[in-house]
Amino acid sequence: MAVSSNVENLPPHVIRQVWKEVSTLSMEPPEGIKIFTNEEDITDLKATIEGPDGTPYVGGLFRMKLVLGKDFPSVPPKAFFLTKIFHPNVSASGEICVNVLKRDWKPELGIRHVLLTIKCLLIHPNPESALNEEAGRLLLEAYDKYANRARLMTDIHAARPHPLTAGGKDPGACSAPTHHHNNNSGNGGNGGNDGPQAKKHAGDKDKKMAGKKKVDKKRALRRL
């Protein structure tokens, strides 16, 4: 089943405008923000926002998406967090409530402005337009509880993946044992005397030597 797209509903000049801005954002992203394009649907944009310093979201990496409707840019895009977050202006489904996406929207405002506004929302939440009433109440009445809850959600859902060590190896992965092959096996096995087979041959040789010593000892006693 094909996924619905608004590309065919947008005028060509709007598509060109969006593509140009998205390309610029990809090459010159705002600090702490990265954007990912869908080549098959330019109206479906995804981005990541790093949790700003000095907030309960610091250290987290939050995935989000922007959906451009058929009336964009006359109508603002819709914004959603894909990563779970405890924030007054983000609903349980991830919908983001910010004035720039509602009454303060202007057609000349671009995608960059929207992304920067959402990042600022992580720094300055607005409890007066809360979609998450519990988060809004705690923000006003018990900030420490709000911050602890937001920090816990960040640690659980927005933790960054651990980078791999040099060479692309996972530091937690177990290394396979190294097997040493005897390269001189064709020369009578003289090149590898530390294997079990070599030890067996050495033991047999010792037994033969001990038996020979016993025979020589008996012969010497007979002569006496």
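Residues numbered from 1 in each chain as written. Predicted model: local features only at pLDDT ≥ 70, side-chain atom pairs only at ≥ 80, totals over all residues. Heavy atoms only, no water.

K.L.:
Explain the packing of aromatic side chains to me, and be specific about the residues and the numbers.
P.N.:
A full pass over the atoms with the stated rule returns five aromatic pairs. Taking 6.1 Å as the distance between ring centres and 40° as the angle between the ring planes, the aromatic pair formed by phenylalanine 86 and tyrosine 146 counts as tilted. Residue phenylalanine 86 is located in the loop between strand 4 (78-81) and helix 2 (111-123), and its partner tyrosine 146 is located in helix 4 (residues 143-157); the two are separated by 60 residues in the primary sequence. Consider the rings of tyrosine 143 and tyrosine 146, whose centres lie 5.6 Å apart with planes at 50°: the pair is tilted. Taken together, the positions of tyrosine 143 and tyrosine 146, both in helix 4 and three residues apart, correspond to about one turn of that helix. A relative accessible area of 43% means that tyrosine 143 is categorised as partly exposed. Ring pairs connect the aromatic residues Tyr57, Phe62 and Phe81, which therefore count as one cluster. Here lysine 65 stacks its cationic end above the ring of phenylalanine 80, 5.7 Å away from the centre of that ring. (Phe/Tyr/Trp six-rings, centres within 6.5 Å; stacked < 30°, edge-to-face > 60°. Helix = DSSP H or I, 4+ residues; strand = E, 2+ residues; numbered from the N terminus. Buried < 20%, exposed > 50% of the residue type's maximum accessible area, 1.4 Å probe, protein only. Lys NZ or Arg CZ within 6 Å of the ring centre and 35° of its normal.)

K.L.:
Break down the UniProt feature "active site" (unreviewed entry) in the chain for me, with residues and values.
P.N.:
In the numbering used here, UniProt assigns the feature "active site" (unreviewed entry) to Cys97. For cysteine 97, the position within the fold is in the loop between strand 4 and helix 2. Every residue in contact with cysteine 97, bar those within four places of it in the chain, is listed here: Asn89, Lys102, Leu121, Ser129 and Leu131. (UniProt positions renumbered as here; feature names shortened; annotations may be inferred. Contact = heavy atoms within 4.5 Å.)

K.L.:
Tell me about helix 3 (residues 133-141), residues and numbers included.
P.N.:
One turn of the α-helix equals 3.6 residues, which is why residues spaced by three or four share an orientation. The set of residues buried in helix 3 consists of Ala135, Gly136, Leu138 and Leu139. For helix 3, the buried positions fall inside an angular range of 165° around the axis, keeping them on one side. When the buried face of helix 3 is taken as reference, the exposed residues oriented beyond 90 degrees from it are Glu133, Leu140 and Glu141. Those residues of helix 3 that are buried lie in contact with helix 4. (Arc of directions from axis to C-beta.)

K.L.:
Provide a residue-level description of the confidence of the model for the chain, including the pertinent values.
P.N.:
Confidence along the chain averages 80 in pLDDT terms, with 70% of residues attaining 70 or more. Counting interchain partners and residues more than four positions distant, the pLDDT-below-50 stretch residues 164-193 has eleven contacts. Here residues 220-224 is modelled with pLDDT under 50, and outside its nearest four sequence neighbours on either side it reaches zero contacts, counting other chains as well. (pLDDT = per-residue confidence, 0-100.)

K.L.:
How would you sum up the nonpolar core? Please name residues and give values.
P.N.:
In terms of nonpolar packing, the biggest core is built from 40 residues, with Met64, Leu66, Phe81, Ile96, Ile111, Leu115 and Ile118 touching the most fellow members. Elements represented by at least two residues in this core include exactly helix 1 (12-27), strand 1 (33-36), strand 2 (44-50), strand 3 (61-67), strand 4, helix 2, helix 3 and helix 4. In terms of residue count, the dominant contributor to this core is helix 2 (six residues). (Core = buried A, V, L, I, M, F, W, Y, C linked by side-chain atoms within 4.5 Å.)

K.L.:
Go over the pattern of salt bridges with me, naming the residues and quoting the values.
P.N.:
By the definition in use, this model includes five salt bridges. With a shortest N-O distance of 3.5 Å, arginine 160 and glutamate 50 are connected by a salt bridge. Taken together, the residues span a long stretch of sequence, with arginine 160 in the loop between helix 4 and helix 5 (196-223) and glutamate 50 in strand 2 at a distance of 110 residues. Judged by its relative accessible area of 39%, arginine 160 falls in the partly exposed class. Across the pair lysine 70 and aspartate 71 runs a salt bridge, and its minimum N-O distance is 3.6 Å. Overall, the relative accessible area of 41% leaves aspartate 71 in the partly exposed class. (Salt bridge = Lys/Arg side-chain N within 4 Å of Asp/Glu carboxyl O.)

K.L.:
Can you explain the packing of helix 1 against helix 2? Please cite residues and give values.
P.N.:
Orientation of helix 1 relative to helix 2, taken along the N-to-C sense of each, is 50°, at an axis distance of 9 Å. Considering the angle they form, helix 1 stands oblique to helix 2. Across the interface between the two elements, Val18, Glu21, Val22 and Leu25 of helix 1 pack against Ile111, Arg112 and Leu115 of helix 2. (Axes fitted to C-alpha atoms, helices over the stretch in contact; angles between N-to-C directions. Parallel < 35°, antiparallel > 145°, perpendicular 65-115°, else oblique.)

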